Amino acid sequence: QLQLQESGPGLVKPSETLSLTCTVSGVSISSDVHYWGWIRQPPGKGLEWIGYIHSSGTTYSNPSLMSRVRLSIDTSGNQFFLKLTSLTAADTAVYYCASHNCPNGVCSVGNWFDPWGQGTQVTVSS
Amino acid sequence: QSVLTQPPSVSGAPGERVTISCTGSRSNIGAGYDVHWYRQLPGTAPKVLIYANTNRPSGVPDRFSGSKSGTLASLDITGLQAEDEADYYCQSYEGGLRGSEIFGGGTKLTVL
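Residues numbered from 1 in each chain as written. Chains lettered and ligands numbered in written order. Predicted model: local features only at pLDDT ≥ 70, side-chain atom pairs only at ≥ 80, totals over all residues. Heavy atoms only, no water.

Peer 1: Which residues make up the overall build of chain A, and what values do they have?
Peer 2: Counting secondary structure elements, chain A contains zero helices and 11 strands. Relative to the globule expectation of 14 Å for 126 residues, the C-alpha radius of gyration of chain A, 14 Å, shows essentially globular dimensions. Considering only C-alpha atoms, chain A reaches an extent of 45 × 25 × 25 Å along its principal axes. In chain A, which comprises 126 residues, the proportion classed as buried is 48%. For chain A, contacts bridging at least 24 residues in sequence account for 56% of all contacts bridging at least 6. Accessible area for chain A stands at about 5400 Å²; split by element, carbon and sulfur atoms hold 48% of it. (Helix = DSSP H or I, 4+ residues; strand = E, 2+ residues; numbered from the N terminus. Rg over C-alpha atoms; globule rule 2.2 N^0.38 Å. Buried < 20%, exposed > 50% of the residue type's maximum accessible area, 1.4 Å probe, protein only. Contact = heavy atoms within 4.5 Å. Areas by Shrake-Rupley, 256 points an atom, 1.4 Å probe, with all protein chains shown as cover.)

Peer 1: Go over the environment of A:Trp112 with me, naming the residues and quoting the values.
Peer 2: By the element assignment, A:Trp112 lies in the loop between strand S9 (93–101) and strand S10 (113–116). Spatially, the C-alpha atom of A:Trp112 lies 8.2 Å from that of A:Ser99, the residues being 13 residues apart in sequence. In contact with A:Trp112, other than residues within four places in its own chain, are A:Ser99, A:His100, A:Asn101, A:Pro103, B:His36, B:Tyr38, B:Val48, B:Tyr51 and B:Gln91.

Peer 1: Which residues make up the sheet that holds strand S8 (residues 79–84) of chain A, and what values do they have?
Peer 2: Residue and element names in this part refer to chain A. Overall, antiparallel pairing links the four strands, which are arranged S1-S3-S8-S7 in an open sheet. For this open sheet the edge positions go to strand S1 (3–7) and strand S7 (69–74), each flanked by a neighbour on one side alone. With direction set aside, neighbouring strand axes in the sheet form an average angle of 20°. Where S7 lies against S8, six bridges are found, and the strand directions are antiparallel. By the bridge assignment for S8, Val 69 is matched with Leu 84. (Pairing = 2+ DSSP bridges. Axes fitted to C-alpha atoms, helices over the stretch in contact; angles between N-to-C directions.)

Peer 1: Outline the side chain of A:Asn78, supporting the account with residue identities and numerical values.
Peer 2: All names here are of chain A. Checked against the element boundaries, Asn 78 lands in the loop between S7 and S8. Residue classification places Asn 78 among the buried positions, given a relative accessible area of 17%. There is a polar contact of 2.7 Å between the side chain of Asn 78 and the backbone nitrogen of Ile 29. (Polar contact = N/O pair within 3.5 Å; in protein donor to acceptor, adjacent residues only side chain to side chain.)

Peer 1: Explain the pairing of strand S8 (residues 100–103) of chain B residue by residue, including any values.
Peer 2: Residues and elements named next belong to chain B. By the alternation rule, side chains of S8 split into Ser 100 and Ile 102 and Glu 101 and Phe 103, which are all buried. In terms of strand pairing, strand S7 (residues 86–94) meets S8 through four bridges, oriented antiparallel. Paired with Ser 92 across the strands is Ile 102, a residue of S8. Adjacent in sequence and paired antiparallel, S7 and S8 are bridged by five residues, among which Gly 96 carries a positive phi angle near 105°.

Peer 1: Which residues make up the packing of aromatic side chains, and what values do they have?
Peer 2: A complete count under the given rule lists 14 aromatic pairs over all chains for this structure. With 5.0 Å between their ring centres and 55° between their planes, A:Trp49 and A:Tyr52 make a pair best called tilted. For the residue pair A:Trp49 and A:Tyr52, the accessibility class agrees, reading buried in each case. Between A:Phe113 and B:Phe103, the aromatic rings sit 6.3 Å apart at their centres with planes inclined by 25°, giving stacked as the arrangement. (Phe/Tyr/Trp six-rings, centres within 6.5 Å; stacked < 30°, edge-to-face > 60°.)

Peer 1: Please set out the pairing of strand S11 (residues 120–124) of chain A residue by residue, giving values where relevant.
Peer 2: Remark: a regular strand shows side chains that alternate across the two faces of the sheet. All names here are of chain A. The alternating pattern of S11 places Thr 120, Val 122 and Val 124 on a buried face, while none of Gln 121 and Thr 123, on the opposite face, is buried. Strand direction decides the pairing type here: strand S2 (residues 11–12) and S11, joined by two bridges, are parallel. Paired with Val 12 across the strands is Val 124, a residue of S11. Bridge count between S9 and S11: three bridges; the pairing is antiparallel. Note on S11: the bridge partner recorded for Val 94 is Gln 121.

Peer 1: Can you break down the interface of chain B and chain A residue by residue, with the values?
Peer 2: Contacts between chain B and chain A engage 19 residues on the former and 23 residues on the latter. Taken together, the two surfaces of chain B and chain A that pack against each other cover about 1600 Å², and 63% of this comes from carbon and sulfur. At the junction of chain B and chain A, the tally comes to 10 residue pairs in polar contact (both at pLDDT 80 or more). Counting only elements with at least two residues in the side of chain B that touches chain A, the list comes to strand S3 (36–40), S7 and S8 of chain B. (Buried area = accessible area lost by both parts, 1.4 Å probe.)

Peer 1: Summarise the state of the cysteines; cite the residues concerned and give the values.
Peer 2: For the structure on display, the rule yields three disulfides over all chains. Across the disulfide, A:Cys22 is cross-linked to A:Cys97 (sulfur-sulfur distance 2.1 Å). Judged by the sign of its S-S torsion, about 65°, the bond between A:Cys22 and A:Cys97 is right-handed. Of this pair, A:Cys22 sits in strand S3 (residues 18–25) while A:Cys97 is found in strand S9, placing the two residues 75 residues apart along the sequence. For the pair A:Cys22 and A:Cys97, a shared accessibility class is recorded, and that class is buried. Paired by a disulfide, B:Cys22 and B:Cys90 hold their sulfur atoms 2.1 Å apart. Since a negative S-S torsion denotes a left-handed disulfide, the B:Cys22-B:Cys90 link at about 75° is right-handed. Of this pair, B:Cys22 sits in strand S2 (residues 18–23) while B:Cys90 sits in strand S7, and the two are 68 residues apart along the sequence. According to the relative accessible area criterion, B:Cys90 is buried, its value standing at 0%. (Disulfide = S-S within 2.5 Å.)

See the structure below:
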């Protein structure tokens, strides 16, 4: 059964870089039938897509965050990573990793996220 | 301001039916992109409730159904139960050169 688990620092200073790891279990991250994604949720607010990466290295990112987002993948460790630079208080949120599905083995944009990790709280504060 | 518009809140009594709307535009839902629905219980991660407009994952009761027409998608919940009280989000894709996965602002369902 596919499961995802986020890990990273709970507190980061403004202007610094956030580094998060998502560890995947139950499926090889090299599988062709998943994009591996990040979504965040500021306190009391809705969901915001950050981006996703395929095992081939193909990435897609939210245009509003693209200049600050770096996505990478480690197939040997079955992990993928998010780096978000130039942090401000507006980046305070719960960060989720999730599998973006490729129905019938066809990967494309616009599919659903399932399952999600439990989320990790990130606070940007000095 | 979310690209997909949902009512901030809806409510209903146990046993009743409620509908949550998700209004998009010609560049997302109206362009043919699928709509997916998630339920988020307090303090937990969202879970998919309906995918590709009308499909229920295994384990989701048939009290939940989805539909899509034009630029509008809807989530229907019949036979409301107390445990349905949660936040509900729709998701689709914004097409074009600056394409992006997009979410609605979320709807808080209160079971009276």
